[in-house]
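Residues per chain are reported as follows:
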Amino acid sequence: MDDEELRATAVALRRATIGLARRLRDERPAHGLGRLALSLLGHLHRRGALTAGELAAAEHLQPQSVTRVLASLEEQGLIRRSRGETDRRRHHIVLTERGATALTQQVGTTDLWLAEALAGKLTHAECRILAVAADLLEQLQA
């Protein structure tokens, strides 16, 4: 693939992912958690206990930027903070059972919509291609 084809692919991919992200956002329940809150819960679900700094880094934000969201999640009982064993100044944040349930319910809505869209609009072979593409997109995020 030459440079011009790579650029055209990059443009098409950017447009498609932005459009899909917008549609997935529209499918989320209106009364649910915000994007950042869901993302923070997702990191805790996948990676286990993290510090506020680690969560902020995962989101490419400053720790102060996640403080209010973490306080709200803690107030709702979706996360729990505990002091570190070796460094008592550091708080480790963990997902509570209630938080895991909330995360599953929130993303379940959009996952269901997407699965139905895939089944209704694409062939089995196209769905398998998207499964490979999803793995490749994960690699681009690293």
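Above: the structure in question.
This report concerns the structure included in the present document. Just so it is clear, the model here is predicted, and its values are computed rather than measured.

Brief notes about the nonpolar core
Thinking step 1. Ranked by size, the top nonpolar core spans 19 residues in total, and within it Leu-41, Leu-70 and Leu-73 carry the most contacts.
Thinking step 2. Mapped onto this core, the elements with two or more residues apiece are α2 (35–47), α3 (52–58), α4 (63–75), β2 (91–95) and α5 (97–121).
Thinking step 3. In terms of residue count, α2 provides more of this core than any other element does, six residues in total.
Thinking step 4. The contact partners of Leu-73, leaving out residues within four places of it in the chain, are Leu-33, Ala-37, Leu-40, Leu-41, Leu-78 and Ile-79.

Remarks on the packing of α2 against α4
Thinking step 1. The N-to-C vectors of α2 and α4 enclose an angle of 80°; their axes lie 10 Å apart at closest approach. Comparing the axis directions of α2 and α4 gives the class roughly perpendicular. Residues Leu-36, Ala-37, Leu-40 and Leu-41 of α2 pack against Ser-65, Val-66, Val-69, Leu-70 and Leu-73 of α4.
Thinking step 2. Considered class by class, the residues forming the contact of α2 with α4 number eight nonpolar, one polar and no charged.

A word on α4
Thinking step 1. Helix length check: α4 (13 residues) gives 18 Å between terminal C-alpha atoms against 18 Å at 1.5 Å per residue, within 8%.
Thinking step 2. Restricting attention to buried positions, one finds in α4 the residues Val-66, Leu-70 and Leu-73.
Thinking step 3. Here the buried face of α4 lies against α2, α3, β1 (79–83) and β2.
Thinking step 4. Gly-77, located one to two residues past α4, shows a positive phi value of around 80°.

Side note on the pattern of salt bridges
Thinking step 1. Here the structure, examined in full by the defined rule, presents three salt bridges.
Thinking step 2. In this structure, the salt-bridge partner of Arg-23 is Glu-27, at a minimum N-O distance of 3.0 Å. In this pair, Arg-23 and Glu-27 are both assigned in helix α1 (residues 3–27), four residues apart and thus about one turn of the helix distant.
Thinking step 3. The class of Glu-27 is partly exposed, set by a relative accessible area of 23%.

The rules behind the values
Position numbers for residues count from 1 along each chain, tracking the sequence in the order it is written. Selection of residues for local features in this predicted model requires a pLDDT of at least 70, selection of side-chain atom pairs for listing and counting requires 80 or more, and totals for whole chains, interfaces and linings are taken over all residues. For the side-chain quantities, the full set of heavy atoms in the structure was used; hydrogens and water were omitted. To form a nonpolar core, buried Ala, Val, Leu, Ile, Met, Phe, Trp, Tyr and Cys residues must be joined to one another through side-chain atoms within 4.5 Å. When accessible area is computed with a 1.4 Å probe and restricted to protein chains, residues below 20% of their type maximum are described as buried, those above 50% as exposed, and intermediate ones as partly exposed. Each helix is a run of DSSP H or I of at least 4 residues and each strand a run of E of at least 2, with the numbering of both proceeding from the N terminus. Whether two residues touch is decided by their heavy atoms; if any such pair falls within 4.5 Å, the residues are in contact. Inter-axis angles, ranging from 0 to 180 degrees, are taken between N-to-C directions of lines fitted to C-alpha atoms, where helices are fitted over the stretch in contact. Orientation categories follow fixed angle ranges, with anything under 35 degrees roughly parallel, anything over 145 roughly antiparallel, 65 to 115 roughly perpendicular, and all other angles oblique. Note on residue categories: nonpolar means Ala, Val, Leu, Ile, Met, Phe, Trp, Tyr, Cys or Pro, charged means Asp, Glu, Lys or Arg, and polar means any other residue, Gly included. By definition here, a helix of n residues has an expected span of 1.5 Å times n minus one. The rule for a salt bridge is simple: a side-chain nitrogen of Lys or Arg has to be within 4 Å of a carboxyl oxygen of Asp or Glu.

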